[in-house]
Structure formats: C-alpha cells, structure tokens
Amino acid sequence: MSISSTTDPATSPAETALPWGVLISPPPGDLPYDDGERMESPWHAQSAMILKAAYVAAHGGVMTDYYIGVNMFVYYSWKQIRNDEYRGPDLYAVKGVDGTKPRLYWAIWDEDGRYPDVIIELLSPKTERNDLGVKKDLYEQRFRTPEYFCIAPEVERLLGWRLGSDMRYHALTPDERGWLWSEELGFWIGPWRGVYMGEEHTWPRLFHPNGELVLLPEEAERQRAEEERQRAETERQRAEELAARVAALEAELARLRERGDQ
C-alpha cells in the first residue's frame with residue numbers, strides 16, 4: 001500500500017480511481033472507536049459475544065493468529081472518515097493476523113490492507129434494510145469479504161453468502177437442521193436454545209463439523225465437573241460391588257468352615 005504524507009486528503013483524487021479505497025495520505029491518529037450507542041438488545045450484544053467466546057475457546061483461549069472484533073469500527077477510506085458514513089459490523093473475524101495487538105478499531109491501512117474474512121450482522125427492524133442492502137453491497141464490492149452472515153433475533157432467520165469466483169455473493173444453502181457451514185470459520189452456525197449470561201433465548205452458536213456444540217469455557221468446565229462426578233460415582237459403585245462380593249465370599253468361607261467342623 002503506497003501512502004504519501006504530502007497530499008492533502010481534501011484534494012485527493014477521486015477514490016473510485018483507487019483500488020479498494022487505498023488512502024494516499026496518512027489518516028488521523030485519533031479516530032473515534034465508539035459511537036456511544038448500545039446494541040439493539042441484550043440478545044444482540046450477547047449473541048455477538050457468545051460467538052466470539054466459542055471461537056476463541058475452540059482455539060485454545062487465545063487470539064494469536066487471528067482477530068475477532070465485536071461492535072468495533074472498521075475504517076477503510078478517507079471518504080468514510082470525512083462523511084462519517086459507516087460504523088462497524090456486529091462481529092468480524094480476520095485470519096492470519098496478530099490477534100494479540102491492542103486495537104480500538106480496525107484500520108485497513110494499519111493492517112497491511114487486510115479486510116475481514118467473515119462478517120456477521122445481527123438483524124433488527126432498525127438495521128435490517130441496511131444490513132441486507134448497503135452493507136451487503138459494501139462487504140461484497142469493496143471489502144471482498146469471503147463470507148457474510150445475517151442473523152435475526154432468536155435466530156428466526158439465518159442467512160449467509162459466500163463470495164464466488166465472479167466476485168459476487170452467492171447464497172448459502174442451510175442443511176436439514178437449518179445450519180449454515182462457514183468455510184472461513186471451519187464451523188457450522190446454527191440455533192441453540194439455552195441460558196447464557198443468565199438469560200434464556202435461542203442463541204446463534206458454533207458447531208463442530210461432526211455436529212457437536214462448540215463449548216464455551218464455562219460449559220467445558222461444567223462438562224469436566226460432570227465427567228469427574230460420573231467417574232467418582234462409577235468408582236463408588238465398583239467399590240460397593242467389590243465389597244459386596246468380598247462379604248459374600250467371606251460368608252461362604254465361614255459357612256464351609258462351620259460345615260467342616262461338624
């Protein structure tokens with residue numbers, strides 16, 4: 001990416017002449033990273049977090065060679081910065097990057113020109129038209145993001161697209177469970193009914209290729225505790241059975257001795 005510090009952004013050539021919104025002068029270093037608006041509902045905020053938590057947990061609990069942003073701005077052009085035209089996706093993932101690097105936002109010019117590999121938007125009456133229209137076009141035509149998913153509240157609808165060789169989005173077909181396969185994430189995305197953060201809803205969850213749920217850290221801990229409890233119960237039952245057999249053998253031996261003494 002070629003950047004010149006001598007060109008005033010206000011007099012930059014038309015951005016349409018630049019590939020993928022390449023900047024030709026340095027951006028400001030104090031870009032906003034929070035619009036002060038809450039996500040539409042607790043379901044929206046927690047759905048984004050449950051997906052991130054599951055993906056991170058499935059990768060050892062650390063972000064070393066990937067990054068996942070939740071409700072974080074993505075900056076990609078001077079026009080966007082000047083006009084304040086665009087806010088961040090609800091969730092996005094970028095593979096093959098240093099995920100341990102502290103970030104307040106994702107700025108394309110600071111990330112070697114890397115755009116998200118997967119974007120997920122959580123639909124609402126307020127945002128649906130934009131998510132399925134302007135944003136979808138942006139992710140397809142400007143970002144060239146390989147996969148884009150939209151999830152309605154309570155996962156009543158789950159939509160997904162993958163970028164084809166023609167550089168256009170093509171709709172993903174759900175399987176018989178209503179799940180969509182994410183080639184980029186390496187997991188299925190599907191609905192799951194349960195309690196998360198103290199609230200019961202139908203949440204979007206990740207599933208392994210074999211259909212098993214990708215466990216959150218707290219779920220994995222509960223599973224380990226339950227398995228340990230079951231092992232302890234099995235050992236207790238074995239010990240009781242062994243003690244019963246020993247007692248029976250001792251009783252039989254005592255009976256045989258008594259008969260031999262007669």
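Since the structure is predicted, the reported quantities are computational estimates derived from the model, not experimental observations.

1. As for unusual backbone geometry
In step 1: Of note in the backbone geometry, Arg-144 takes a positive phi value of approximately 55° without being a glycine.
In step 2: Mapping Arg-144 onto the fold places it in the loop between helix H4 (134–143) and strand E6 (147–151).
In step 3: Under the relative-accessibility criterion, Arg-144 is labelled partly exposed at 25%.
In step 4: With a phi angle near 60°, Met-167 is a residue other than glycine that sits in the positive phi range.
In step 5: Mapped onto the elements of the fold, Met-167 is located in the loop between strand E7 (158–163) and strand E8 (169–171).

2. Digging into the nonpolar core
In step 1: Core analysis: the largest hydrophobic core is formed by 58 residues, its most contacted members being Ile-120, Ile-151 and Leu-206.
In step 2: Looking at this core element by element, the count peaks at 7 residues for helix H1 (residues 42–58).
In step 3: With sequence-adjacent residues up to four places away left out, Ile-120 is seen in contact with Leu-51, Asp-90, Leu-91, Phe-149, Ile-151 and Ile-189.

3. Regarding the sheet that holds strand E3 (residues 91–95)
In step 1: Taking strand neighbours across the sheet as the criterion, the 6 strands line up as E1-E3-E5-E6-E7-E8 in an open arrangement whose pairing is mixed. A single partner strand is all that each edge strand has here, and the edge strands are strand E1 (66–70) and E8. Each strand of the sheet is rotated relative to its neighbour by a mean of 15°, with strand direction disregarded.
In step 2: As paired elements, E1 and E3 share 5 bridges and run antiparallel to each other.

4. Some details on the sheet that holds strand E11 (residues 199–207)
By definition, the strands of a sheet pair up through backbone hydrogen bonds, in either a parallel or an antiparallel sense.
In step 1: Read across the sheet, 3 strands follow the order E9-E10-E11 without closing on themselves; strand pairing throughout is antiparallel. The open sheet has two free edges, formed respectively by strand E9 (180–182) and E11, since each of these has just one partner strand. Direction aside, neighbouring strands of the sheet carry axes that sit 45° apart on average.
In step 2: In this structure, strand E10 (residues 187–196) lies alongside E11, joined through 9 bridges in antiparallel fashion. Across the sheet, Ile-189 pairs through a bridge with Leu-206, a residue of E11.
In step 3: Contacts from H1 reach E10 and E11, with the element oriented near 35° to E11.

5. Digging into H1
In step 1: Here H1 spans 24 Å end to end across 17 residues, near enough to the 24 Å set by a 1.5 Å rise per residue.
In step 2: Trp-43, His-44, Gln-46, Ser-47, Ala-48, Ile-50, Leu-51, Ala-54, Tyr-55 and Val-56 are the residues of H1 that are buried.
In step 3: Next to the buried residues of H1 lie E1, E3, strand E5 (118–122), E6, E10 and E11.
In step 4: Directly beyond the C-terminal end of H1, a positive phi value near 80° is found at Gly-60.

6. Thoughts on the confidence of the model for the protein
In step 1: Across the protein, pLDDT averages 84, with 82% of residues at or above 70.
In step 2: Note that residues 1–24 has pLDDT below 50 and, in this model, 39 contacts with residues that lie over four places away or in other chains.

Scoring rules and cut-offs
- Residues numbered from 1 in each chain as written.
- Predicted model: local features only at pLDDT ≥ 70, side-chain atom pairs only at ≥ 80, totals over all residues.
- Heavy atoms only, no water.
- Helix = DSSP H or I, 4+ residues; strand = E, 2+ residues; numbered from the N terminus.
- Buried < 20%, exposed > 50% of the residue type's maximum accessible area, 1.4 Å probe, protein only.
- Core = buried A, V, L, I, M, F, W, Y, C linked by side-chain atoms within 4.5 Å.
- Contact = heavy atoms within 4.5 Å.
- Pairing = 2+ DSSP bridges.
- Axes fitted to C-alpha atoms, helices over the stretch in contact; angles between N-to-C directions.
- Expected span 1.5 Å × (residues − 1).
- pLDDT = per-residue confidence, 0-100.

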